[in-house]
Amino acid sequence: MNKNCPFCQSTKIKKYDTSNNIQRYFCHKCHKTFSFKNKLDPIKILTRLHIR
């Protein structure tokens with residue numbers, strides 16, 4: 001999935017942090033943080049960690 005920064009449309013973004021189970025991203029071009037408002041599912045996260 002190719003995501004763009006909502007401020008500058010750059011594709012140079014990386015996962016930054018989580019806030020209230022919502023993944024935050026950081027844009028390397030405009031140096032802003034943002035989210036796509038998709039809540040993370042703790043069960044899926046734990047399942048993925050367990051599989052590794």
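Structure first, text after, so check above.
All of the points below concern the structure found in this document. (Residues numbered from 1 in each chain as written. Predicted model: local features only at pLDDT ≥ 70, side-chain atom pairs only at ≥ 80, totals over all residues. Heavy atoms only, no water.)

**Some remarks on the packing of aromatic side chains**
Inspection of the entire model under this criterion finds five aromatic pairs. Ring centres 6.0 Å apart and planes at 25° place the aromatic pair Y25 and F34 in the stacked group. Using a relative accessible area of 10% as the deciding quantity, one classes Y25 as buried. By relative accessible area, F34 is classed as buried at 4%. In textbook terms, an aromatic cluster arises when at least three aromatic residues are bridged by ring pairs, as seen for F7, Y25, F34 and F36. Lying across the ring of F7, K32 places its NZ or CZ 4.6 Å from the centre. (Phe/Tyr/Trp six-rings, centres within 6.5 Å; stacked < 30°, edge-to-face > 60°. Buried < 20%, exposed > 50% of the residue type's maximum accessible area, 1.4 Å probe, protein only. Lys NZ or Arg CZ within 6 Å of the ring centre and 35° of its normal.)

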